Amino acid sequence: MRHLMNPLDFTTDELEKLFDLAQDISENPAKYAHVCDGRILATCFYEPSTRTRLSFESAMTRLGGRVLGFSEASSSSAAKGESVSDTIRVISSYADICAMRHPKEGAPMVAATRSLIPVINAGDGGHQHPTQTLTDLMTIRTLNGSLGNFTIGLCGDLKFGRTVHSLIEALLRYDNIKFIFISPPELRIPDYITDQLNAKGAEYEEVIRLEDSIGDLDILYMTRVQRERFFNEEDYVRLKDFYILTNEKLQLAKEKMLILHPLPRVNEISVEVDDDPRAVYFKQAKYGVYVRMALIMTLLEL
Ligand code: CP
């Protein structure tokens, strides 16, 4: 039995197969409409979500399966003090596969050690968000044409943004990628990530102003400032509007630069940018359904 805790749990060859499957699902949905008949997905979300939870539910439903679960800790027996280990042991009798989001880093991993069914980490604290990374890689592969040979700028909250941490680790396995980290000093990329970049000899730089580097980018990955991870509201308010991508700033960018964002967006991308053909974040959210369909099939060995 396999779980997914980290994008690195899959080799790059396995990821290629997963993306090929996701692409085929997107082109031939009817072929896959019954592959999960009789199967059940549990979505155990101890933290808010729109895309991840609902795209998992959409994915399982489109595969012919069914879904059960909870969308907040307060409506589960976690509110009475139940551990994730006990919860997953019970849910192992109710479902065939589980997607779990938790505010505590490592909680889905703890669940996986006690689980009798595959567990997917749907985001754990500020740590990892592997299915978002699969979505991001699928988006880049499809719209950029390859998973290598580009310069990517990651902008915003690089300290608490788990999607950024997962994506960098995943991209480090591909060739000829230059990273530009754009953040205020307080939200710079954690040392454990730069240690990995240094160990792999990856080319990267850290800058503060988006305008100084936007012209060099093939991909711009915007992120919101993660209010829920701040220790005080004052710091959040000071930093939340540090970056706002506007049509004016986009005039400095390459004509074919892709703008990705894991969403939800707050203020960091002006709504006027949505009509720019370079803005692909809503397409990215759609790829998330196909990737999660492919992932469910892969982990259930269907
Ligand atoms: N991208 C993402 O994880 O969005 P949700 O928090 O809405 O699931």
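Above this text is the structure in question.
Now for a look at the structure at hand. Position numbers for residues count from 1 along each chain, tracking the sequence in the order it is written. Reporting of local features is limited, given that this is a predicted model, to residues whose pLDDT is at least 70; pairs of side-chain atoms are given and counted only at 80 or more, and all residues count toward the totals for whole chains, interfaces and linings. Water and hydrogen atoms were dropped before computing side-chain values, which therefore reflect all heavy atoms in the structure.

Looking at the sheet that holds strand β1 (residues 40-45)
1) Next: With respect to topology, four strands assemble into an open sheet ordered β2-β1-β3-β4, the strand pairing being parallel. Edge positions in the open sheet fall to β2 (66-70) and β4 (119-124), since each of these has one partner strand only. Adjacent strand axes in the sheet meet at a mean angle of 15°, parallel and antiparallel pairs treated alike.
2) Next: When DSSP finds two or more bridges between a pair of strands, those strands are recorded as paired. Secondary structure is summarised from DSSP: a helix means a run of H or I of at least four residues, a strand means a run of E of at least two, and numbering begins at the N terminus for each. Sheet topology note: the β1/β2 ladder contains five bridges and is parallel. For isoleucine 40, the partnering residue across the bridge sits in β2 and is arginine 66. Geometry is summarised by axes, namely lines fitted to C-alpha atoms with helices restricted to the contacting stretch, and by angles between N-to-C directions that run from 0 to 180 degrees.

A look at the environment of valine 289
1) Next: Counting through the fold element by element, valine 289 comes out in helix α10 (residues 281-299).
2) Next: Excluding anything up to four places from it in sequence, valine 289 contacts Ser55, Ser58, Ala59 and Arg62. Contacts are residue-level and defined by heavy atoms, with any inter-residue pair within 4.5 Å sufficient.

Considerations on the sheet that holds strand β7 (residues 203-207)
1) Next: Strand order in the open sheet made by the five strands is β7-β6-β5-β8-β9, with parallel pairing throughout. Of all strands in the sheet, those with a lone pairing partner are β7 and β9 (258-260), marking the two edges. Sheet twist, expressed as the average angle between the axes of neighbouring strands with direction ignored, equals 20°.
2) Next: Across six bridges, the pairing between strand β5 (residues 150-155) and strand β6 (residues 177-182) is parallel. Residue pairing in the sheet places isoleucine 152 in a bridge with phenylalanine 179 of β6.
3) Next: Strand contacts of helix α5 (residues 130-144): β5, β8 (219-222) and β9, with the helix running at about 165° to β9, the strand carrying the most contacts.

Some words on the pattern of salt bridges
1) Next: A side-chain nitrogen of Lys or Arg and a carboxyl oxygen of Asp or Glu constitute a salt bridge if their distance falls within 4 Å. For the structure shown, the criterion picks out 15 salt bridges.
2) Next: A salt bridge links glutamate 14 to arginine 2, with the shortest nitrogen-to-oxygen separation between them at 2.9 Å. A residue pair is termed long-range when its members are at least 10 positions apart, and glutamate 14 in helix α1 (residues 12-27) and arginine 2 in the segment before α1 qualify at 12 residues.
3) Next: A salt bridge links arginine 188 to glutamate 206; the shortest N-O distance between them is 3.0 Å.

Quick word on the site of the ligand
1) Next: Close to the ligand lie Ser49, Thr50, Arg51, Thr52, Arg101, His129, Gln132, Pro262 and Leu263.
2) Next: Whenever two N or O atoms come within 3.5 Å, that pair is a polar contact, provided that in protein one can donate a hydrogen and the other can accept it, and provided that, for residues adjacent in sequence, both atoms are side-chain atoms. Contacts to the ligand include serine 49, whose side-chain N or O atom sits 2.6 Å from an oxygen atom.
3) Next: Taking histidine 129, its side chain carries an N or O atom lying 2.8 Å from an oxygen atom of the ligand.
4) Next: Each accessible area value is a Shrake-Rupley result obtained with a 1.4 Å probe; residue values ignore everything except the protein chains displayed when judging cover. Burial of the ligand by the protein amounts to 91% of the accessible area it has alone, namely 260 Å². Proximity criterion: a residue is near a molecule or strand once any of its heavy atoms comes within 4 Å of it.

Quick look at the packing of aromatic side chains
1) Next: Stacked, edge-to-face and tilted are the three classes for Phe, Tyr and Trp ring pairs, Trp counted by its six-membered ring, which pair at centre distances within 6.5 Å; planes under 30 degrees apart are stacked, over 60 edge-to-face, the rest tilted. A complete count under the given rule lists five aromatic pairs for this structure.
2) Next: Look at tyrosine 46 and phenylalanine 70: their rings are 5.1 Å apart centre to centre, the planes differ by 85°, and that puts the pair in the edge-to-face class. Pair noted here: tyrosine 46 is in the loop between β1 and α2 (51-62) and phenylalanine 70 is in strand β2, with a separation of 24 residues, a long-range link.
3) Next: Its relative accessible area of 9% is what places tyrosine 46 among the buried residues.
4) Next: Taking the centre distance of 5.3 Å and the plane angle of 65° together, the rings of tyrosine 281 and phenylalanine 282 count as edge-to-face.
5) Next: Three exposure classes are used, based on accessible area relative to the maximum for each residue type with a 1.4 Å probe and protein chains only: buried under 20%, partly exposed in between, and exposed over 50%. Judged by its relative accessible area of 1%, tyrosine 281 is buried.
6) Next: An aromatic cluster of three or more residues is present, and its members are Phe179, Phe181 and Tyr204.
7) Next: Over the ring of phenylalanine 56 we find arginine 292, and its NZ or CZ is 5.2 Å from the ring centre. By the criterion adopted, a ring carries a charge over it if an Arg CZ or a Lys NZ lies within 6 Å of its centre and within 35 degrees of its normal.

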